[in-house]
Every structure is written in C-alpha cells, then in structure tokens.
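# Architecture at a glance
Residues per chain are reported as follows:
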Amino acid sequence: MRRKKITRRTAETTIDLDFAIDGTGKTNLETSVGFFDHMLTLFASHGRFDLTVKCEGDLVVDQHHSVEDVGIVLGQAFQASIGSKEGIERYATVSTPMDEALATVSLDISGRSFLVYNVEGLKEKVGEFDTELVEEFLLAFTRHAGVTLHINLAYGKNSHHIIESIFKSFGRALRLASTINPDIKGIPSTKGTL
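About the cut-offs
Position labels on residues start from 1 in each chain and follow its written sequence. Local features in this predicted model are restricted to residues of pLDDT 70 or higher, and side-chain atom pairs are both shown and tallied only at a pLDDT of 80 or more, whereas totals for entire chains, interfaces and linings draw on every residue. For side-chain calculations, the full set of non-hydrogen atoms in the structure is used, while hydrogens and water are omitted. For two strands to pair, DSSP has to find at least two bridges joining them. Secondary structure elements are defined from DSSP: runs of H or I of at least 4 residues count as helices, runs of E of at least 2 residues count as strands, and each element is numbered from the N terminus. Only the contacting stretch of a helix is used when fitting its axis, a line to C-alpha atoms as for every element, and angles between N-to-C directions run 0 to 180 degrees. Residue contacts follow a heavy-atom distance rule, with two residues in contact if any of their heavy atoms lie within 4.5 Å. For this analysis, a salt bridge means a side-chain nitrogen from Lys or Arg found within 4 Å of a carboxyl oxygen belonging to Asp or Glu. Residue exposure (1.4 Å probe, protein chains only): buried if accessible area is under 20% of the type maximum, exposed if over 50%, otherwise partly exposed. Oblique is the label for every angle not falling under 35 degrees (roughly parallel), over 145 degrees (roughly antiparallel), or within 65 to 115 degrees (roughly perpendicular). Each crossing gets its handedness from the near helix: less than a right angle anticlockwise from the far helix is left-handed, clockwise is right-handed. Think of it as three bins: nonpolar holds Ala, Val, Leu, Ile, Met, Phe, Trp, Tyr, Cys and Pro, charged holds Asp, Glu, Lys and Arg, and polar takes everything else, Gly as well.

### Points about the sheet that holds strand β3 (residues 27-30)
Hydrogen bonding along the main chain pairs the strands of a sheet, whether they run parallel or antiparallel. Strand order in the open sheet formed by four strands is β1-β2-β4-β3, with mixed pairing between adjacent strands. This sheet does not close on itself; its edge strands, each paired only once, are β1 (3-9) and β3. Each strand axis lies, on average, 5° off the axis of its neighbour in the sheet, ignoring direction. Bridge count for strand β2 (residues 13-20) against strand β4 (residues 50-57) is eight bridges, and the pairing is antiparallel. Note that in β4 the partner of Ile-15 across the bridge is Cys-55. Against the sheet, helix α2 (residues 64-82) touches β1, β2 and β4, its axis set at about 35° to β2.

Below, the structure is given as structure tokens:
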C-alpha cells in the first residue's frame, strides 16, 4: 500500500498525518478549523484516499499556519507515498459541479512544483474560514508534493460551493493521476525520470 505517516512540530503547529493513496475514503480529521475539515473530507472521499490529520495550531493568531502546514505535510506524505512513479497515469483533468459552481483541476505528477490558481469572486470568509487560505493550502501542497496543479473556476456564485467544487475536483484528479495502469511500463516520461 502506498502510504506515509508524518509528524511535524514547529513553534506554530503540531501535526500528525497519515495518508494512503490506495484507500477507500476513510477520514479522521481534527484541525480545529471546521470548514477545512469538511473540505479535507471531500478531498479524501472523492479521491478515495485514507487520511488522518491531527493538527494543533496557533489559532489564537489565525487559521493560516494550521491550513498551510497541513498542506505542507500532506504534500510531503503524497510525494513519499507515490514512490518511484512507475506505471502511474501521471496526468488528470477533472471538472466537478457543485450546484451552480464548476471548477476544473488539471494536474501533472511531474516532480516540478507549480500552481496556477484562477479563482475569482470568493467572499472573504465562509463562516469563520478565511477563503484566501484555499490558495495557500494548494500552494503548500504543490511545493512539497512535486506536482503541477492548475485550478480554474469556470463560474459560481456561492463561495462554499466554489471551494467544494475545487476540493472534490482536486481529490478526483489526484486519484486518477496516481492510478497505476498495468499498460504503462516504467516511468511515464520520455526522459525516463520524473
């Protein structure tokens, strides 16, 4: 099973994370940021990843360090658990509707970190959650996972629905790109390495 457990301790957060690519969508999430837990649940459920996260962060400051640091650790866990990348699909593009919102995620498990985030019109907050942290989480993930990630919002009005469409698409695309295809021999690159 492609799986990694990581513990990260800093002056701002303490995180214990367990991530399995070849899971069933089982989650146990305790970040103390309710909306973020909801989005991580959608990511794992629709990607069929098993994900356990316990994060104790400096929420007396704000949510930034908790959300960003979970992105860092999740990216590290993904990079470690994907292994040699032999036989993986590598690429995926997924659009997922959530009521009136439609976001598309395209990604490449390339070994090169890059984020394109074309999402406009979010309200500043959904409940107590700072919506600018969606981009911070995805940026932290891409930097540490070694993936190229493009997020494009086609349309949407409700900020909750927009972010939900993003996280569902992200989970589904990451699962598809991570899938091992028996027809693919070796590393899926003309260079022979990723």
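### What to know about the pattern of salt bridges
Scanning the model with the defined rule gives nine salt bridges in all. Salt-bridge contacts for Arg-8 lead to Asp-69; the nearest nitrogen and oxygen are separated by 3.1 Å. Residue Arg-8 is found in strand β1, and its partner Asp-69 is found in helix α2; the two are separated by 61 residues along the sequence. Residue Asp-69 is classed as buried on the basis of its relative accessible area, which comes to 4%. One salt bridge connects Glu-164 with Lys-168, and the closest N-O pair in it is separated by 3.0 Å. Residue Glu-164 and its partner Lys-168 are both found in helix α4 (residues 159-178); the two are separated by four residues, about one turn of the helix. Across the pair, Lys-168 and Glu-164 agree in class, each one buried. Salt bridges sharing partners connect three or more residues here, namely Arg-90, Asp-108 and Arg-112.

### Details of the packing of helix α3 (residues 133-145) against α4
Two elements in contact, α3 and α4, have axes whose closest approach is 12 Å; the angle formed by their N-to-C orientations is 15°. Between α3 and α4, the angle is such that the two are roughly parallel. For the pair α3 and α4, the sense of crossing is left-handed. In contact with Val-134, Phe-137, Leu-138 and Phe-141 of α3, α4 contributes Ile-163, Ile-166, Phe-167, Phe-170 and Leu-174. Tallied by class, residues from the contact of α3 with α4 come to nine nonpolar, no polar and no charged.

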